[in-house]
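These are the residues of each chain, in order.
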Amino acid sequence: MADLGGVAMGVLKGVVVGAGYFSQFHLDAWSRIEGAQIGAVCDQDLDAAAAAADRFGIESTYADFEQMLDRERPDFVDIVTRPESHLSLVSQAAERSLPVICQKALAPTFDEAKQIVNLCDAARVRLMVHENFRFQPWYRELRRQIDHGAIGDRLHSVSFQCRTGDGWGTDAYLDRQPYFREMSRLLVFETGVHFVDTFRFLAGEISGVFASLRRWNSAIAGEDCATVMFDFRSGAAGLWDGNRYNEPTSAEARLTFGEALIEGNGGSLRLRGDGQLTWQRLGEPVRPIEYSYARRGFAGDCVLATQQHFIDSLRAETPFETAGREYLKTLDVVEGIYRSAESRRYVSMEENGG
């Protein structure tokens, strides 16, 4: 077992709990990450765990999480299960002083998310939320362009139009994530949270929100359409226009999930649905931005980038970008969005508790 008390040396041994749909992206990424190796995978459905282990060359499988932790004695735990299981799983890992990377949604409620963060803090256990959108290569490049003054020294606005086209039929979500159909909070809780976090990454902290939420598909329980306006502490404005009902023009709806426009006092940056970035200084023609990204894994291989950040930060003992307590700021904004939609009024984050 690697020594995480100092700068970790050698390969860190991890275990994964959860062998559902999205775990394939985690396991594929772990198979390619420097400095880590997965020793076991656990799922209540042992056949699912066995299939995942066979596909990705993992030695051991378990149906019991505690048994896996005690037998494998890993250096870290990757949790890829439904949100309602996270408190129990994180607690069991924290009892053994094991660092955790946990898929979003962190918990079914904001209060339970705070409970997870507090128990990790009390146990002095490092917790990172697997919030992978900010690690998508186009957002890393956009942030680099902003930092280097490509659009001036004052950010005016960040906007995103999100369309996934997977939620319009009576059989919506059944082929990939059927539990979406029963969620009372859907679009913002499951999808919009990614963009709240990405907006924070690109433009800084959010000071207030005004939101309108709707449900277009009567076959599901939760909202599938949202228009959200943001105020940033810097004075910039934001707009997220999203729905899972209508389709995008891009042939790869789940590559970027839509299109972005970022404007400043010196020009603008644009993200297209195919991952192409452009830059336009005021009074000048549009220019393409040359950068590279992988068409592998999920959304520009962002799962690999997320998990590599986790491993690199463990080794160097540096902060996670999406550490548990830091991520509560994103979840607080999500709560503000729902509160705004329910009350039909503007909600300041100071008023909301953030």
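Numbers given for residues are sequential positions, taken from 1 along each chain in its written order. Whole-chain, interface and lining totals are the exception, using all residues; otherwise, since this is a predicted model, local features are given only for residues with pLDDT of at least 70 and side-chain atom pairs are given and counted only at 80 or more. Hydrogens and water are ignored here; the side-chain numbers use all heavy atoms of the structure.

Engineer: Quick rundown of the packing of helix α4 (residues 86–95) against helix α5 (residues 110–123)? Include the residues and the values.
Structural biologist: An axis is simply a line fitted to the C-alpha atoms; with a helix, the fit covers only the stretch in contact. Between two such axes, the angle follows the N-to-C directions and lies from 0 to 180 degrees. What counts as a helix is a DSSP run of H or I of at least four residues, what counts as a strand is a run of E of at least two, and both are numbered from the N terminus. The interhelical angle for the contact between α4 and α5, taken along N-to-C directions, is 0°, at an axis separation of 10 Å. Between α4 and α5, the angle falls in the class roughly parallel. Listed contacts from α5 to H86, L87, V90, S91 and A94 of α4 are E112, Q115, I116, L119, C120 and A123. Each residue gets one of three labels, nonpolar for Ala, Val, Leu, Ile, Met, Phe, Trp, Tyr, Cys and Pro, charged for Asp, Glu, Lys and Arg, and polar for the others, Gly among them. In terms of residue class, the contact of α4 with α5 is made up of 7 nonpolar, 3 polar and 1 charged. Any angle that falls under 35 degrees is termed roughly parallel, while one over 145 is termed roughly antiparallel, one within 65 to 115 roughly perpendicular, and all others oblique. Should any heavy atoms of two residues lie within 4.5 Å, those residues are counted as being in contact.

Engineer: Lay out the nonpolar core with the relevant residues and their values.
Structural biologist: Definition used in this section: a nonpolar core is a set of buried Ala, Val, Leu, Ile, Met, Phe, Trp, Tyr and Cys residues joined via side-chain atoms within 4.5 Å. When a residue's accessible area, from a 1.4 Å probe over protein chains only, is under 20% of the maximum for its type it is buried; when over 50% it is exposed; and in between it is partly exposed. Membership of the largest hydrophobic core comes to 113 residues, with the highest contact counts inside it found for W30, F230 and W240. The leading source of residues in this core is helix α7 (residues 187–203), at 10 residues. Those residues in contact with W240 that lie beyond four places of it in its chain are F160, C162, L187, T191, G192, F195, F199, A226, T227, V228 and F230.

Engineer: Can you lay out the packing of aromatic side chains for me, pointing to particular residues and giving the numbers?
Structural biologist: The pairing test for Phe, Tyr and Trp rings, Trp by its six-membered ring, is centres within 6.5 Å, and the orientation test on the planes gives stacked under 30 degrees, edge-to-face over 60, and tilted for anything in between. Under the definition given, this model contains 21 aromatic pairs. Ring geometry for Y179 versus F180: centroids 5.2 Å apart, planes at 85°, classification edge-to-face. For F180, a relative accessible area of 1% translates into the label buried. A connected cluster of aromatic rings, assembled from ring pairs, spans Y21, F22, F25, F133, F160, F195, W240, F257 and F298. In this scheme, the term charge over a ring applies when either NZ of a lysine or CZ of an arginine sits within 6 Å of the ring centre and within 35 degrees of the ring normal. The ring of F201 carries the charged tip of R143 above its face, separated from the ring centre by 5.4 Å. Directly above the aromatic system of W279 lies the positively charged group of R287, at a separation of 5.7 Å from the ring centroid.

Engineer: Now, about the sheet that holds strand β2 (residues 36–42): what can you tell me, with residues and values included?
Structural biologist: The 6 strands are arranged β3-β2-β1-β4-β5-β6 in an open sheet whose pairing can be described as parallel. Every other strand in the sheet has two partners, leaving β3 (60–62) and β6 (127–130) as the edge strands with one partner each. This sheet shows a mean twist of 25° between the axes of neighbouring strands, independent of strand direction. Any two strands between which DSSP finds at least two bridges are classified as paired. In this structure, strand β1 (residues 12–17) lies alongside strand β4 (residues 76–79), joined through 4 bridges in parallel fashion. Looking across to β4, one finds that V17 is bridged to I79. Lying on the sheet, helix α9 (residues 302–316) is in contact with β1, β2, β4, β5 (100–103) and β6; it crosses β6 at an angle near 170°.

Engineer: Could you give an account of a nonpolar patch on the surface, naming the residues involved and the relevant values?
Structural biologist: Only residues whose relative accessible area exceeds 30% and that form no salt bridge are eligible for patches; like-charged ones are grouped when within 9 Å, while nonpolar side chains (Val, Leu, Ile, Met, Phe, Trp, Tyr) are grouped when within 5 Å. Computed with a 1.4 Å probe, the accessible areas rest on the Shrake-Rupley method; for each residue, only the protein chains presented here act as cover. Each reported salt bridge corresponds to a side-chain nitrogen of Lys or Arg within 4 Å of a carboxyl oxygen of Asp or Glu. Taken together, the side chains of F210, M229, L239 and Y346 define a hydrophobic patch exposed on the protein surface, amounting to about 340 Å² of accessible area. In this fold, F210 is placed in strand β8 (residues 206–214).

Engineer: Could you give me a rundown of the sheet that holds strand β12 (residues 267–271), with the residues and numbers involved?
Structural biologist: Reading across from one edge, β14-β13-β12-β11-β7-β10-β9-β8-β15 is the order of the 9 strands in this open sheet, with mixed pairing throughout. Edge positions in the sheet fall to β14 (287–288) and β15 (347–348), since each of these pairs with one other strand and no more. With 8 bridges connecting them, β8 and strand β9 (residues 225–232) associate as antiparallel partners. The partner of R214 across the bridge, within β9, is C225. Lying on the sheet, α7 is in contact with β7 (155–163), β8, β9, β10 (237–243) and β11 (258–264); it crosses β7 at an angle near 155°. Relative to β8, helix α10 (residues 324–343) is tilted by about 50°, and along the sheet it contacts β8, β9 and β15.

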